[in-house]
Amino acid sequence: MTQNKFPVGWSEEKVQNVLTHYETQTEDEAVAEDEAAFADETQAIMEIPIELVPLVRKLIAQYRIDHKIPMMNSN
């Protein structure tokens, strides 16, 4: 049997909680969640080419390390 490997701070339980959240969410709840994300003036939403995603993730990770910013805690 293959053992799943999770990023730091994640576990099987956390993955299941996230899946349950999105699988049981109503359409209205999903729209409200999306609208709240776009309304957060401390964050930016950008569209980038798929091939740049790994580079952007590395850049963000390095920025967090350099500035001692903790990883986001998504329940």
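Everything below is about the structure printed above this text.
Keep in mind that this is a model prediction, so the values were computed, not measured.

Draft legend 1. Summary view of the overall build of the protein. Per the secondary structure count, the protein includes three helices and zero strands. Helices and strands appear in the protein in the N-to-C order α-α-α. Relative to the globule expectation of 11 Å for 75 residues, the C-alpha radius of gyration of the protein, 15 Å, shows a markedly less compact shape. Along the three orthogonal principal directions, the C-alpha set of the protein runs to about 40 × 40 × 25 Å. As displayed, the protein has an accessible area near 7400 Å², and 58% of this comes from carbon and sulfur atoms. Averaging the positions of the 6 positive and the 14 negative side-chain charges in the protein gives two centres separated by 18 Å.

Draft legend 2. Expanded view of unusual backbone geometry. Of note, the phi angle at Lys 68 is positive, near 55°, even though the residue is not glycine. Structurally, the position occupied by Lys 68 is in the segment after helix 3 (53–66). On the basis of relative accessibility, which here comes to 73%, the residue Lys 68 falls in the exposed class.

Draft legend 3. Broad picture of a nonpolar patch on the surface. A cluster of nonpolar side chains, namely Met 46, Ile 48, Leu 52, Leu 55, Val 56 and Ile 60, defines an oily patch on the protein surface of about 530 Å² accessible area. With respect to the helices and strands, the residue Ile 60 is situated in helix 3.

Draft legend 4. Representation of the packing of aromatic side chains. The tally for this structure, following the rule as stated, stands at zero aromatic pairs. The cationic tip of Lys 14 hangs over the ring face of Trp 10; the distance from NZ or CZ to the ring centre is 4.6 Å.

Draft legend 5. Representation of helix 3 within the structure. Spanning 14 residues, helix 3 covers 20 Å between terminal C-alpha atoms, matching the ideal 20 Å at 1.5 Å per step. Of the residues one or two after helix 3, Lys 68 is the one with positive phi, at around 55°.

Draft legend 6. Up close: the side chain of Gln 25. The topology assignment puts Gln 25 in the loop between helix 1 (12–24) and helix 2 (27–39). Its relative accessible area of 17% is what places Gln 25 among the buried residues. Of note is the side chain of Gln 25, whose polar atom sits 3.1 Å from the side chain of Glu 33. For Gln 25, the contacting residues outside a window of four places in its chain are Ala 30 and Glu 33.

What counts and what doesn't
- Residues numbered from 1 in each chain as written.
- Predicted model: local features only at pLDDT ≥ 70, side-chain atom pairs only at ≥ 80, totals over all residues.
- Heavy atoms only, no water.
- Helix = DSSP H or I, 4+ residues; strand = E, 2+ residues; numbered from the N terminus.
- Rg over C-alpha atoms; globule rule 2.2 N^0.38 Å.
- Areas by Shrake-Rupley, 256 points an atom, 1.4 Å probe, with all protein chains shown as cover.
- Lys, Arg positive; Asp, Glu negative; His and termini not counted.
- Charge placed at Lys NZ, Arg CZ, Asp CG, Glu CD.
- Buried < 20%, exposed > 50% of the residue type's maximum accessible area, 1.4 Å probe, protein only.
- Patch = residues over 30% accessible without salt bridge, like charges linked within 9 Å, V, L, I, M, F, W, Y side chains within 5 Å.
- Salt bridge = Lys/Arg side-chain N within 4 Å of Asp/Glu carboxyl O.
- Phe/Tyr/Trp six-rings, centres within 6.5 Å; stacked < 30°, edge-to-face > 60°.
- Lys NZ or Arg CZ within 6 Å of the ring centre and 35° of its normal.
- Expected span 1.5 Å × (residues − 1).
- Polar contact = N/O pair within 3.5 Å; in protein donor to acceptor, adjacent residues only side chain to side chain.
- Contact = heavy atoms within 4.5 Å.

Read these as layout, nothing more, since geometry by itself doesn't imply function.
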